[in-house]
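# Close look at the chain arrangement
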Amino acid sequence: MHVQNACYLEALEHAQPDRRRRDLMVKNLKRARKLLEKEGRASDYDFFPQTYVLPLEHGIFVEEFRRNPGMQLPEWLYAKSWVAFHTCILAARCSQRAQGRGIFLLDKLSQVNGWRKQLDDREKPETYVVSRYLDQPLLLGGRKFDLRIYVLVLSYVPLVVYLHRGGFCRFSSSRYTLDKANLKNLYMHLTNVAIQKKNEKYDENTGMKWPISKLKQYLLSKYGLAATSKLFGDIQSVVTRSLLAVQQVITQDKHCFELYGYDILVDEALKPWLIEVNASPSLSTDTAADHQLKWGVVQDALTLVDVEAQLEGQLPSSYGGFDLIWEGCAPVRPHPVLPSMLGTDVPEHR
């Protein structure tokens, strides 16, 4: 992937700027869940961990921390600039916090209070998002992993969403354990390639990545068709529901589109959890497989954006690796049997 190609896509894609920080994503997800509580459907939005925005919700967080002994587990603390739905306006600041930087673990309230005092001493304190640590992830070979998948939003009004069939698993280079002695071992707890590269165990040949299609084959062999299909269908639902949650607060611009990089963690019960939504997913490549995937994502996205009007306003149900999963007010099912095409073969480019 050449740098100029990645820069062209990032310069072209973004919609209006101020709605897509991680703290605002959390706010919108919480609002959507609260609205559905009245209909008894709050469980539709149980795909993100218990989360608080600090310092705004510091008091609520401290109360919950003290009230619930189960929270005496490692917690993530995210900087707002390592966020979902960020934009080019915040690019300089986001670049300083991306790729796993600005993330740390804590397991004591005193750590939060000490950090809060440091913020109070600043003239303009940053906003942080603290989330309950998901401590029972699905492991492969004893290692933690998450998924990076690609989502193309051509419009928010009406909502038009494509999901790419490809993607990859990002693995940690150290075997996973909940031993507190390893609490600060980021090579165990974080899967970001930028962090894993610093570990002597980093595998340059694979980039610590595995195609999602390979993961799907593994899950089919171990858990069967029904459980695997449900998992991938649930992942697709996470995508559409998260976008519906922010649809009303995203300023629509017909000249813009969004290419998101979704980070999903799967727990040992095969439940998907939304960890991050990146509005500027990395398009740099480390391996030949990485190059093939990301080049295909860019090429197919630009075709569907249809700058030259070759599609004549007709949205294809599928193009290249992208499948239409939502149009207007309803989901679109790209396959008569499978709930999602995620993890299936990506057609070769002509």
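See the structure above.
Description of the structure in this document. (Residues numbered from 1 in each chain as written. Predicted model: local features only at pLDDT ≥ 70, side-chain atom pairs only at ≥ 80, totals over all residues. Heavy atoms only, no water.)

Moving on, we come to the overall build of the protein chain. Secondary structure assignment for the protein chain yields 10 helices and 14 strands. Residue burial in the protein chain is summarised as follows: out of 350 residues, 51% are buried. If you sum the accessible surface of the protein chain, you get close to 16700 Å²; carbon and sulfur atoms cover 52% of it. (Helix = DSSP H or I, 4+ residues; strand = E, 2+ residues; numbered from the N terminus. Buried < 20%, exposed > 50% of the residue type's maximum accessible area, 1.4 Å probe, protein only. Areas by Shrake-Rupley, 256 points an atom, 1.4 Å probe, with all protein chains shown as cover.)

Before going further, it helps to spend a moment on helix H8 (residues 212-223). Given a rise of 1.5 Å per residue, 12 residues ought to cover 16 Å, and the 16 Å separating the end C-alpha atoms of H8 matches this to within 8%. If you check which residues of H8 are buried, you get Ile-212, Leu-215, Lys-216 and Leu-219. One side of H8 carries all its buried residues, which in axial view fall inside an arc of 100°. Buried residues in H8 make contact with strand S5 (139-140), strand S6 (143-156), strand S8 (168-171), strand S9 (209-211) and helix H9 (225-246). Phi turns positive one or two residues past the end of H8, at Gly-224, with a value near 90°. (Expected span 1.5 Å × (residues − 1). Arc of directions from axis to C-beta. Contact = heavy atoms within 4.5 Å.)

Counted under the stated rule, the structure contains 12 salt bridges. Here Glu-57 and Lys-30 are joined by a salt bridge, their closest N and O atoms 3.3 Å apart. Linking Glu-57 in the loop between strand S1 (51-54) and helix H3 (58-67) with Lys-30 in helix H2 (residues 22-37), this pair joins segments that are 27 residues apart in sequence. Overall, Glu-57 belongs to the buried group, its relative accessible area being 19%. When salt bridges with common partners are traced through the structure, they connect Asp-146, Arg-148, Arg-170 and Asp-263 into a single cluster. (Salt bridge = Lys/Arg side-chain N within 4 Å of Asp/Glu carboxyl O.)

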